[in-house]
Amino acid sequence: MLYELIAIVRPGSLTEVKEIASTVGSLVIKNGGVIRGINNWGVFSLPKPVTRHQIKQTHGHYFVMRYDSSSKVHQDIRSTLSLEPRMIRTAHVKLGDGKLETLARFGAPRWKSMIGEH
């Protein structure tokens, strides 16, 4: 199945974002999945303040990852990220049912590139 993960990490350190993305990526790859793309969106204001792990957050560092994996691996990723104290919020979208004709409809993600992106 093709999934898209939109993750919001507490702002402050790009290293934390890279570590979380690396954790998710290694879970996918170790279990026979494929990373299709990853993009760093940067720090943005949250639509409304969010309290997570007893800390009120008003900004978050966003990143997006597309990956192919089984539904069991996807559940492992969801449970791993829910326990991660640096995570503010995640959204998971199933983009396909694993058939080639369905996957071809979605194409490459249309992300805006940011000036000064690392």
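Residues numbered from 1 in each chain as written. Predicted model: local features only at pLDDT ≥ 70, side-chain atom pairs only at ≥ 80, totals over all residues. Heavy atoms only, no water.

**Q** Outline the overall build of the protein chain, listing residues and values.
**A** Helix and strand counts for the protein chain come out as 3 helices and 4 strands. Mapped in sequence order, the helices and strands of the protein chain form the string β-α-β-β-α-β-α. Counting over 118 residues, the protein chain shows a buried share of 37%. Look at the contacts in the protein chain between residues 6 or more apart in sequence, and 75% of them connect residues 24 or more apart. Accessible area of the protein chain: about 7400 Å², with a carbon and sulfur share of 55%. (Helix = DSSP H or I, 4+ residues; strand = E, 2+ residues; numbered from the N terminus. Buried < 20%, exposed > 50% of the residue type's maximum accessible area, 1.4 Å probe, protein only. Contact = heavy atoms within 4.5 Å. Areas by Shrake-Rupley, 256 points an atom, 1.4 Å probe, with all protein chains shown as cover.)

**Q** Go over the sheet that holds strand β3 (residues 55–68), please, and point to the residues and values.
**A** The 4 strands are arranged β2-β3-β1-β4 in an open sheet whose pairing can be described as antiparallel. The outermost strands of the open sheet, each flanked by one partner alone, are β2 (34–52) and β4 (87–94). With direction set aside, neighbouring strand axes in the sheet form an average angle of 20°. As judged from the 13 bridges shared by β2 and β3, these two strands associate in the antiparallel manner. (Pairing = 2+ DSSP bridges. Axes fitted to C-alpha atoms, helices over the stretch in contact; angles between N-to-C directions.)

**Q** Talk me through the packing of helix α1 (residues 14–30) against helix α2 (residues 71–83); I want residue IDs and the actual numbers.
**A** The interhelical angle for the contact between α1 and α2, taken along N-to-C directions, is 155°, at an axis separation of 10 Å. With respect to α2, the axis of α1 lies roughly antiparallel. Helix-helix and strand crossings are classified by hand; for α1 and α2 the assignment is right-handed. Contact with α1, carried on its side by Ile20, Thr23, Val24, Leu27 and Val28, involves Val73, Ile77, Thr80 and Leu81 of α2 and no other residues of that element. (Parallel < 35°, antiparallel > 145°, perpendicular 65-115°, else oblique. Left-handed = near helix turned anticlockwise from the far one by under 90°.)

**Q** Tell me about the nonpolar core, and name the residues and values.
**A** Residues Leu5, Phe63, Tyr67, Ile77 and Leu81 are the most contacted members of the largest nonpolar core, which totals 16 residues. Elements that contribute at least two residues to this core include exactly β1 (2–9), α1, β3 and α2. Element by element, the count of residues in this core is highest for α1, at 5 residues. With residues up to four places along the chain from it excluded, the contact list for Leu5 reads Val24, Phe63, Val64, Met65, Tyr67, Leu81, Thr90, Ala91 and His92. (Core = buried A, V, L, I, M, F, W, Y, C linked by side-chain atoms within 4.5 Å.)

**Q** Give a detailed account of α2, specifying residues and quantitative values.
**A** Counting along an α-helix, one turn takes 3.6 residues, and residues three or four places apart therefore face a common direction. Here α2 spans 19 Å end to end across 13 residues, near enough to the 18 Å set by a 1.5 Å rise per residue. Turning to α2, its buried residues are Val73, His74, Ile77 and Leu81. Viewed along the axis of α2, the buried residues span an arc of 105°, placing them on a single side of the element. For α2, exposure combined with an orientation more than 90 degrees from the buried face picks out Lys72 and Leu83. Tucked into the core, α2 has its buried residues touching β1, α1, β2, β3 and β4. (Expected span 1.5 Å × (residues − 1). Arc of directions from axis to C-beta.)

**Q** Explain the environment of Trp41 to me, using residue names and the numbers behind them.
**A** Relative to the helices and strands, Trp41 resides in strand β2. Judged by relative accessible area, which is 26%, Trp41 ranks as partly exposed. Trp41 sits 35 residues away from Ile6 along the chain, and the two C-alpha atoms are 9.9 Å apart.

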